[in-house]
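# Examination of the molecular architecture
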Amino acid sequence: MNQDINVKKVRMNCFRQSKVPGEFMLQLRLPGNLMDADLLDVVKHVAKTWGDGLFHIGTRQTLNAMGIKYQDIPAVNEYISEYIQKIQAQSNTDMNRIGLEKVEWDPKSGYPTIGARNIMACIGNRHCIKANIDTTDIARKIEPLIFPSHYHIKIAVAGCPNDCAKANFNDFGIMGVSKMTYHPERCIGCGACAKACGHHATRVLSLNAHGKIDKDTCCCVGCGECVIACPTGAWTRAEDKFFRVTLGGRTGKKDPRAGKLFLNWIKEEPLLQMFGNWTKFSAWVMDNKPQYLHGGHLIDMAGYHKFKEMILEGVELNPECLVAEQIYWAESEQRGNSHLIPLKDHPHAGPRD
Ligand code: SF4
Ligand code: SF4
Ligand code: SF4
């Protein structure tokens, strides 16, 4: 049967066209990647009732049901209304708005836009012993600042610089970091922290002649491996939570690249203020006519300095926060000289001593 299929319209509802003519895949958003397990029944019902019975976890952590026939999309939209409202309520998202424009959203009409993509997150400190932050919480706080919007942006949140969430390959990559406090009176000089830092992180700790630890503070990435390694609690994480933000990372066929360090040691409030400027920045770059271009491309079009001016407008940065003066997209090291280590310490394959 021939059908008039409006692919663009259903894509706005987060249905992706299949290679099978007339079929689509629904992508349910899950900002922060955590939900009540009961909601899995929704995707199961969609997959079994209208789809091909299979469930796919999207690479951006969406919950996907495939093989949905074009003519069934209105029924699916009506059915997922409760899921959308429950999940978006977790983020206090105002669904009666697209970008800067007020609209009246009919909950039974499905997602109003695919623009701002699902905010990914690793499990963070709800489970992971290495985490510095609650990744779900920060993702949910960012969600209403960027969604619903026709402007495309990809964000991922990692609980620590280990970056299991692959935040580095997003327009904005957010990683939880901590300031570490050294308590020399508790230190027994075992060297475990220096070993852990060298093995897992940036090799900035060393044991001095007095059996205490020296630190090259410039290059500490705030991961917390030293805290985990110390048997006496001589390293502790400071209570304040900080974030590092990488910018302009992306995958893609044309010009994939890892993100570059944009902000370090920013606190939550200014971080959220910054995301509050994203829609305005995108609207300015696109002259209020959204196109299928991702955030990194918008930053390229504006140039880093214009982007920096607009995204930080009115943002009250905490005193510890450092901002990239310039970004050299072509250069590949995240941290100057991080790849330079003594020749004797270069890892090698083959027989060991
Ligand atoms: S990025 Fe860090 S906090 Fe997140 S899962 Fe990996 S190790 Fe844990
Ligand atoms: S927090 Fe800093 S000092 Fe501690 S392991 Fe990480 S990079 Fe090294
Ligand atoms: S691991 Fe703890 S006790 Fe051992 S050298 Fe480091 S700070 Fe001192």
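Cut-offs applied
Residues numbered from 1 in each chain as written. Chains lettered and ligands numbered in written order. Predicted model: local features only at pLDDT ≥ 70, side-chain atom pairs only at ≥ 80, totals over all residues. Helix = DSSP H or I, 4+ residues; strand = E, 2+ residues; numbered from the N terminus. Near = placed C-beta within 6 Å. Nonpolar A, V, L, I, M, F, W, Y, C, P; charged D, E, K, R; others polar. Domains from an automatic or database assignment. Pairing = 2+ DSSP bridges. Core = buried A, V, L, I, M, F, W, Y, C linked by C-beta atoms within 7 Å. Buried ≥ 20, exposed ≤ 12 C-beta atoms within 10 Å, placed from the backbone. Contact = placed C-beta atoms within 7 Å.

Within the secondary structure, W105 is located in the loop between β6 (101–102) and β7 (120–121). Sequence separation of W105 and D353 is 248 residues, and the distance between their C-alpha atoms is 67 Å.

Taken together, 14 residues form the shell around ligand 2, and within it C197, C220, C223, E225 and C226 come nearest. Listed by contribution, the elements that provide at least two residues to the shell around ligand 2 are α6 (192–200) and α7 (225–229). Here the shell around ligand 2 is composed, by residue class, of 10 nonpolar, 3 polar and 1 charged.

Another aspect to go through is the domain arrangement of the protein. For the protein, the assigned domains read domain 1 (7–109), domain 2 (120–177 + 241–323) and domain 3 (180–237). Using only C-alpha atoms to locate each centre, domain 1 and domain 3 end up separated by 47 Å.

Another aspect to go through is the sheet that holds strand β8 (residues 155–158). With mixed pairing, the 6 strands of this open sheet are ordered in space as β7-β8-β9-β14-β15-β16. Of all the strands in the sheet, the pair left with one neighbour each is β7 and β16 (322–323).

If you look at the biggest cluster of nonpolar residues, it comprises 57 residues, and the most contacted ones within it are V157, I174 and C226. Apart from residues lying up to four places away in sequence, I174 is in contact with I138, I155, V157, A167, F243 and V245. Among the nonpolar cores identified, the runner-up in size contains 22 residues, and V42, L63, I68 and Y83 belong to it.

Turning our eyes to something else, we now look at the site of ligand 1. In the region of ligand 1, the neighbouring residues are C122, I123, G124, C128, K130, A131, A158, G159, C160, N162, D163 and C164. Of the residues that constitute the shell around ligand 1, the class distribution is 7 nonpolar, 3 polar and 2 charged.

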